[in-house]
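Read off the chains here:
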Amino acid sequence: MLTLSKLIDEDKCYETIRTMRWPEGVCCIDCGSKSITKRGKHDTYSARQRYICGECGRHFDDLTDTLFAGRHQPLQTWMACLYLMGLNVSNQQIAEELSLHKDDVHQMTSELRQAVADKRPEVQLSGTVEFDEVYVTAGHKGQPEKVKKKGARGAGGNSKGFGGTVRSKRRNRRSSG
Ligand SMILES: [Zn+2]
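Residues numbered from 1 in each chain as written. Predicted model: local features only at pLDDT ≥ 70, side-chain atom pairs only at ≥ 80, totals over all residues.

Section: the overall build of the protein chain
What counts, and what does not: Elements are defined by DSSP. Helices are runs of H or I of four residues or more, strands are runs of E of two residues or more, and each kind is numbered from the N terminus. To assign burial, the other C-beta atoms lying within 10 Å of each residue's own C-beta are counted, with C-beta atoms placed from the backbone; 20 or more indicates buried, 12 or fewer indicates exposed, and intermediate counts indicate partly exposed. Note on contacts: each residue gets a C-beta atom placed from the backbone, and two residues are in contact if those atoms are within 7 Å.
Along its length, the protein chain carries eight helices and three strands. When its helices and strands are written in sequence order, the protein chain yields α-α-β-β-β-α-α-α-α-α-α. Burial statistics for the protein chain: of 177 residues in total, 14% are counted as buried. Taking the contacts inside the protein chain whose residues are at least 6 apart along the sequence as the reference set, 46% of them involve residues at least 24 apart.

Here we look at the confidence of the model for the protein chain
Defined as follows: What pLDDT reports is the predictor's confidence in each residue, on a scale of 0 through 100.
When the pLDDT values of the protein chain are averaged, the result is 76; 67% of them are 70 or greater. Of all secondary-structure elements in the protein chain, the lowest mean pLDDT belongs to helix α6 (residues 127-138), at 35, while strand β2 (residues 49-53) reaches the highest, 98. Taken together, the stretch residues 122-144 has pLDDT below 50 and engages in 14 contacts with residues farther than four places along the chain or on a different chain.

Examining the pairing of β2
The condition is simple: Whether two strands pair depends on DSSP finding at least two bridges between them.
Residues Gln-49, Tyr-51 and Cys-53 line the buried face of β2, whereas the alternating positions Arg-50 and Ile-52 sit on a face that is not buried. Bridge count for strand β1 (residues 36-41) against β2 is four bridges, and the pairing is antiparallel. Across the sheet, residue Lys-41 finds its bridge partner in β2, namely Gln-49. As paired strands, β2 and strand β3 (residues 59-61) are joined by three bridges and run antiparallel to one another. Looking at the pairing, Ile-52 lines up with His-59 of β3.

Structural notes on unusual backbone geometry
Residues other than glycine seldom take positive phi values, yet Asn-88 does so here, at roughly 60°. Checked against the element boundaries, Asn-88 lands in the loop between α3 (75-86) and α4 (91-97). Judged by the 7 C-beta atoms lying within 10 Å of it, Asn-88 is exposed. Of note, the phi angle at Ser-99 is positive, near 55°, even though the residue is not glycine. Tracing the backbone shows Ser-99 in the loop between α4 and α5 (102-123).

A look at α3
Note the following rule: The span you would expect from a helix comes to 1.5 Å times its residue count less one.
Look at α3: 17 Å from first C-alpha to last across 12 residues, which is about the 16 Å you get at 1.5 Å a residue. Along α3, the residues classified as buried are Leu-75, Gln-76, Thr-77, Trp-78, Met-79, Ala-80 and Cys-81. In the segment just after α3, Asn-88 is the residue with positive phi, at about 60°.

Following this line, the structure appears as structure tokens:
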């Protein structure tokens, strides 16, 4: 039976992973060195490149330490699944398209969603300042002592960037209204 994952080019899949993982060229997953030597391809997956780090000697490949490593399903299936998820296709439909069991698809989509969610805090770091401020303000009515302590810690603490931003915002609000 013809399935979507069979139409997907294996080399292109690994190329995509490499670009996502190392947008500025392959670097060591342990020490970050760019002194990397290619060490042939994976025994089972001919598009999966192996590397060795010239700095610390670490051996790794395209998928080491990713959620795609050591999986029963080939990378093409995972990529096809990710693609269909992006189109808001249901688990049931993904299972049919890729000739997989519904339970396997459920497991795959959960893990893929989790992986995307895990990366979110780094991207939205600036939003943390806003949340911090909301939290401090919300505690004011019930526990003024707590708020005072938090304010003092913020002013003298080592998280200068955050404390400064929160304080200046609160001051602005007070003077404007
Ligand atoms: Zn290294």
